[in-house]
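Analysis of the macromolecular model
Below, each chain spelled out in residue letters.
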Amino acid sequence: MRIARARKTAALILLLLLAVAAPLSATQVGGPRLPTNPNLPPIQLEGVWEATVSWTQWDSKTGGFILMFQDYSAPTREGCEAQISNIGPGATITKFCTFRAY
């Protein structure tokens with residue numbers, strides 16, 4: 001009886017935490033913003049989504065490691081995320097997809 005009650009309590013706490021965290025993960029950094037007046041169309045900002053990835057690479061000329069950077073850009077956030085989802089295991093995302101208006 002106590003084990004069943006503990007499982008129900010743990011499941012309830014987990015669902016509560018998921019419900020609280022869900023809106024936080026859906027936040028968009030940049031891009032279209034909703035107007036304060038719902039009768040107006042959304043404001044479309046013109047710009048680009050950018051990300052930066054870094055990794056270390058052996059340089060035979062200097063005999064040491066050097067830090068390399070690669071910039072990615074896309075017109076949509078989904079396109080930016082798709083590009084950086086294919087990085088290698090030794091790479092680090094230095095700057096995640098952020099919106100830069102023109």
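Everything numeric here is computed off the predicted structure, so don't read it as measured data. (Residues numbered from 1 in each chain as written. Predicted model: local features only at pLDDT ≥ 70, side-chain atom pairs only at ≥ 80, totals over all residues. Heavy atoms only, no water.)

Moving on, we get to the nonpolar core. As a rule of thumb, soluble globular proteins bury nonpolar side chains together. In terms of nonpolar packing, the biggest core is built from 8 residues, these being W49, A51, V53, A74, C80, I84, C97 and F99. Beyond its immediate stretch of four places on either side in the chain, C80 contacts W49, E50, A51, A74 and C97. (Core = buried A, V, L, I, M, F, W, Y, C linked by side-chain atoms within 4.5 Å. Buried < 20%, exposed > 50% of the residue type's maximum accessible area, 1.4 Å probe, protein only. Contact = heavy atoms within 4.5 Å.)

Before going further, it helps to spend a moment on the state of the cysteines. Tallied over the full model, the rule gives 1 disulfide. At a sulfur-sulfur separation of 2.2 Å, the disulfide partner of C80 is C97. Handedness of the C80-C97 disulfide follows from its S-S torsion of about -95 degrees: it is left-handed. Placement of the pair is C80 in helix α2 (residues 77-84) and C97 in strand β3 (residues 92-101), with a sequence separation of 17 residues. (Disulfide = S-S within 2.5 Å. Helix = DSSP H or I, 4+ residues; strand = E, 2+ residues; numbered from the N terminus.)

A few words on α2. Along α2, the residues that are buried comprise R77, C80 and I84. The buried residues of α2 occupy one face: seen down the axis, they fall within an arc of 65 degrees. (Arc of directions from axis to C-beta.)

Overall, the coordinates contain 2 aromatic pairs when judged by the stated rule. On the numbers, 5.2 Å between centres and 80 degrees between planes, the contact of W58 with F65 is edge-to-face. Exposure class is identical for W58 and F65. Each is exposed. (Phe/Tyr/Trp six-rings, centres within 6.5 Å; stacked < 30°, edge-to-face > 60°.)

We now examine the confidence of the model for the chain. Residues at a pLDDT of 70 or more form 58% of the chain, whose mean pLDDT is 77. Taken element by element, the predicted model of the chain shows its lowest mean pLDDT in helix α1 (residues 2-25) (61) and its highest in strand β2 (residues 64-74) (94). (pLDDT = per-residue confidence, 0-100.)

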